[in-house]
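A structural walkthrough
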Amino acid sequence: MYKTFYSLAKTPFTKDMKQAEAYRSTSYQEALNGLNYLQTSKGIGLIIGDPGAGKTFTLRSFKDSLNPSLYHVVYFPLSTGGVMDFYRGLAYGLGEEPKFRKVDLFRQIQQGIERMDQGRKVTPVFILDEMHMAKDAFLQDLAILFNFQMDSSNPFILVLAGLPHLKTRLNLNHHRPLTQRIIMRYQFQPLKKDDVFAYIDHHMKLAGANMPIFTEPALEAIALRTQGWPRVIDTLTTNCLLFGAQLKKEQIDEEIVRMAAEDGGL
Ligand SMILES: Nc1ncnc2c1ncn2[C@@H]1O[C@H](COP(=O)(O)OP(=O)(O)OP(=O)(O)O)[C@@H](O)[C@H]1O
Ligand SMILES: [Mg+2]
C-alpha cells in the first residue's frame with residue numbers, strides 16, 4: 001500500500017536483500033576486513049554484536065566472497081537441533097556419513113577436515129552462528145575438535161558469532177583452551193547518526209525513491225530511537241512508511257516517527 005503512495009518500485013528494508021546491495025557501514029567493512037584476514041591466516045575468529053547489528057548479514061557477504069572451488073562453507077545457526085545433531089551436521093557438511101559414537105565422530109570430522117585441506121586443497125570454513133546459546137560443554141568440545149596442533153598451519157577456518165555475552169562467557173577460565181586459539185575478534189558497533197541517515201537513504205534509493213521522503217528531524221528521531229541498530233532501523237522505518245501512507249503524508253516528519261515508534265514499542 002505505501003509502495004504505491006510513495007511511488008516506490010520495490011519494498012525497502014527486506015530481509016532478502018542481496019549482498020551486492022549492502023550498505024557499507026564502518027562495522028560491515030571492518031568485520032569483513034577481519035574475516036578476510038582470517039581467510040588468509042586460517043584458524044578461529046569471533047564476531048560479536050547486539051541483536052540486529054548485522055552479524056549474519058555480514059557473514060553471508062563473507063560466504064559469498066569465497067571462491068567455491070577453494071573454500072567449502074558449512075554454515076550452522078546453533079538454534080537448530082542438539083549438540084550431537086551439530087557434530088553429525090559437520091560430518092555431513094564434510095561429505096562424510098556420520099559415525100555413531102561421539103569419539104568416532106570427532107576423529108571422523110578431524111580426518112574429513114585434513115582430507116579436504118590436504119587432499120583436495122579445499123579449505124573447510126565453518127560458520128557457527130548464534131553461539132551465545134551454546135552449552136559450556138559444547139564450547140569446550142570445540143577446543144578439542146579444532147585442535148590440530150600437529151600441523152604447522154591450521155587446515156580450517158572457524159567463525160564463531162553471537163551476542164555480546166558470548167564474549168563474557170569465553171573469558172571464563174574453563175574456556176581458555178578455546179579463547180587462546182582465537183586469532184581474530186570483531187565487535188559490531190551501532191551506526192553513528194550520519195551513517196543512519198545514509199543507511200536509510202541507501203535503502204530508499206534501492207527501492208526506487210526519487211525524492212527524500214523523510215525530513216531531517218524525522219531521520220534524527222529515527223537515529224535516536226533505534227540507537228543505530230540496523231534491524232531496529234528497518235522495522236521502525238517500515239512502520240513510518242505505513243503510518244505516513246495511511247495519513248497521506250507526502251513527507252514523513254518526526255510526529256510520524258513518534259507514532260510509529262510508540263506503535264512498535266520503542
Ligand atoms: N550492511 C548492511 N547493509 C544493509 N542491510 C543490513 C546491513 N547490516 C544489517 N542489515 C540489515 O539488518 C538486518 C539484521 O541484520 P542481521 O540479521 O545480520 O543481524 P544479527 O547481528 O545477525 O542479529 P541477531 O543477533 O539477532 O541474529 C538484516 O536482515 C539486514 O536487512
Ligand atoms: Mg544473526
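Let me sum up the structure you'll find in this document. Please read all numbers here as calculations on a predicted model, not as lab measurements. (Residues numbered from 1 in each chain as written. Chains lettered and ligands numbered in written order. Predicted model: local features only at pLDDT ≥ 70, side-chain atom pairs only at ≥ 80, totals over all residues. Heavy atoms only, no water.)

Quick word on the nonpolar core
How we decide: Among buried residues, the Ala, Val, Leu, Ile, Met, Phe, Trp, Tyr and Cys ones that are joined through side-chain atoms within 4.5 Å form a nonpolar core. Categorising residues by exposure relies on relative accessible area from a 1.4 Å probe, with only protein chains included: less than 20% of the type maximum marks a residue as buried, more than 50% marks it as exposed, and the intermediate range marks it as partly exposed. We count a stretch as a helix when DSSP gives it H or I for four or more residues in a row; a strand needs E for two or more, and each element gets its number in order from the N terminus.
Ranked by internal contacts, the top residues of the largest apolar core, which has 35 residues, are Phe126, Leu128, Met131 and Leu142. Taken together, the elements giving at least two residues each to this core come down to β1 (43-48), β2 (71-77), α4 (83-93), α5 (102-119), β3 (123-129), α6 (136-145), β4 (157-162) and α7 (164-170).

A few points about helix α10 (residues 216-226)
Which entries qualify depends on this criterion: Contacts are assigned to residue pairs with any non-hydrogen atoms lying within 4.5 Å of each other.
Three or more residues of α10 are buried, namely Ala218, Leu219, Ala221, Ile222, Ala223 and Thr226. Buried residues in α10 make contact with α9 (193-206), α11 (230-246) and α12 (254-263). Phi for Gln227, located one or two positions after α10, is positive at around 55°.

Considerations on the site of ligand 1
Definition in use: A cutoff of 4 Å decides nearness: a residue is near a molecule or strand if any of its heavy atoms lies inside that distance of it. Polar contact is the term for a pair of N or O atoms within 3.5 Å; when the atoms are in protein, one must be able to donate a hydrogen and the other to accept it, and sequence-neighboring residues count only if both atoms are side-chain atoms. Here a cavity means grid points, on a 1 Å grid over the protein atoms only, where a 1.4 Å probe fits yet cannot get out; a pocket means an open set of points with protein on both sides within 12 Å along at least five of seven lines; lining residues are those with an atom within 4 Å of a point. Molecules are considered to sit inside a cavity or pocket once more than half of their atoms lie within 2 Å of its grid points. When residues are grouped by polarity, Ala, Val, Leu, Ile, Met, Phe, Trp, Tyr, Cys and Pro land in nonpolar, Asp, Glu, Lys and Arg in charged, and all others, Gly among them, in polar. Residue ranges for the domains originate in an automatic or database domain assignment.
Neighbouring ligand 1 are 19 residues, the closest being Tyr23, Gly52, Lys55, Thr56 and Phe57. Here Gly52 contributes a backbone N or O atom positioned 2.8 Å from an oxygen atom of ligand 1. In this structure, Asp234 approaches ligand 1 through a side-chain N or O atom, which is 3.2 Å from an oxygen atom. Spatially, ligand 1 is embedded in the largest pocket. When residues of the shell around ligand 1 are traced back to their parent elements, those giving at least two are α3 (55-65), α9 and α11. Residues belonging to the shell around ligand 1 are distributed by class as follows: 10 nonpolar, 5 polar and 4 charged. Two domains each donate at least three residues to the shell around ligand 1, and these are domain 1 (2-9 + 192-263) and domain 2 (26-187).

Considering the layout of surface pockets
To locate leftover empty space, one rolls a probe as large as a water molecule over the atoms. Selection rule: Grid points are joined across faces, edges and corners, and a volume is the space filled by probe spheres set on the points.
The computed volume of the largest pocket comes to approximately 770 Å³. If you trace the largest pocket, you find 30 residues lining it, with Gly52, Gly54, Phe57, Arg231 and Asp234 closest to the centre. Broken down by element, the residue count for the lining of the largest pocket peaks at 5 residues, all from α3. Class assignment of the residues belonging to the lining of the largest pocket gives a composition of 13 nonpolar, 10 polar and 7 charged. Domain assignment of the residues forming the lining of the largest pocket places at least three in each of domain 1 (2-9 + 192-263) and domain 2 (26-187).

Section: the sheet that holds β1
The cut-off we apply is this: DSSP bridges decide pairing: two strands pair if at least two such bridges lie between them. As a rule, the C-alpha atoms of each element are fitted with a line to give its axis, helices using only the stretch in contact, and angles between N-to-C directions run from 0 to 180 degrees.
Across the sheet, 5 strands lie side by side as β2-β3-β4-β1-β5; this open sheet has parallel pairing. With partners counted over all chains shown, the strands left at the sheet margins are β2 and β5 (182-187), one partner each. Put simply, the sheet's adjacent strands are angled 15° from each other on average, direction ignored. Two strands pair when backbone bridges link them, and β1 and β4 are joined in this way by 6 bridges, in the parallel orientation. When the sheet's bridge partners are listed, Ile48 is paired in β4 with Gly162.

Here we look at the packing of α9 against α10
Selection rule: Between 65 and 115 degrees an angle is taken as roughly perpendicular, under 35 as roughly parallel, over 145 as roughly antiparallel, and anywhere else as oblique. For any pair of crossing helices, the crossing counts as left-handed if the nearer helix is rotated counterclockwise from the farther one by less than a right angle, and right-handed if it is rotated clockwise.
Packing of α9 against α10 leaves a shortest axis separation of 9 Å and a crossing angle of 115°. Taken together, α9 and α10 sit at an angle that is classed as roughly perpendicular. In the packing of α9 onto α10, the handedness of the crossing is right-handed. On α10, the residues that touch Lys193, Val196, Phe197 and Ile200 of α9 are Glu216, Leu219, Glu220, Ile222 and Ala223. Per-class residue counts for the contact of α9 with α10 are 6 nonpolar, no polar and 3 charged.

Re the environment of Met211
Tracing the sequence through the fold places Met211 in the loop between α9 and α10. When the C-alpha positions of Met211 and Asn147 are compared, they lie 55 Å apart, and in sequence the two are 64 residues distant.

As far as function goes, none of this settles anything; it's purely spatial.
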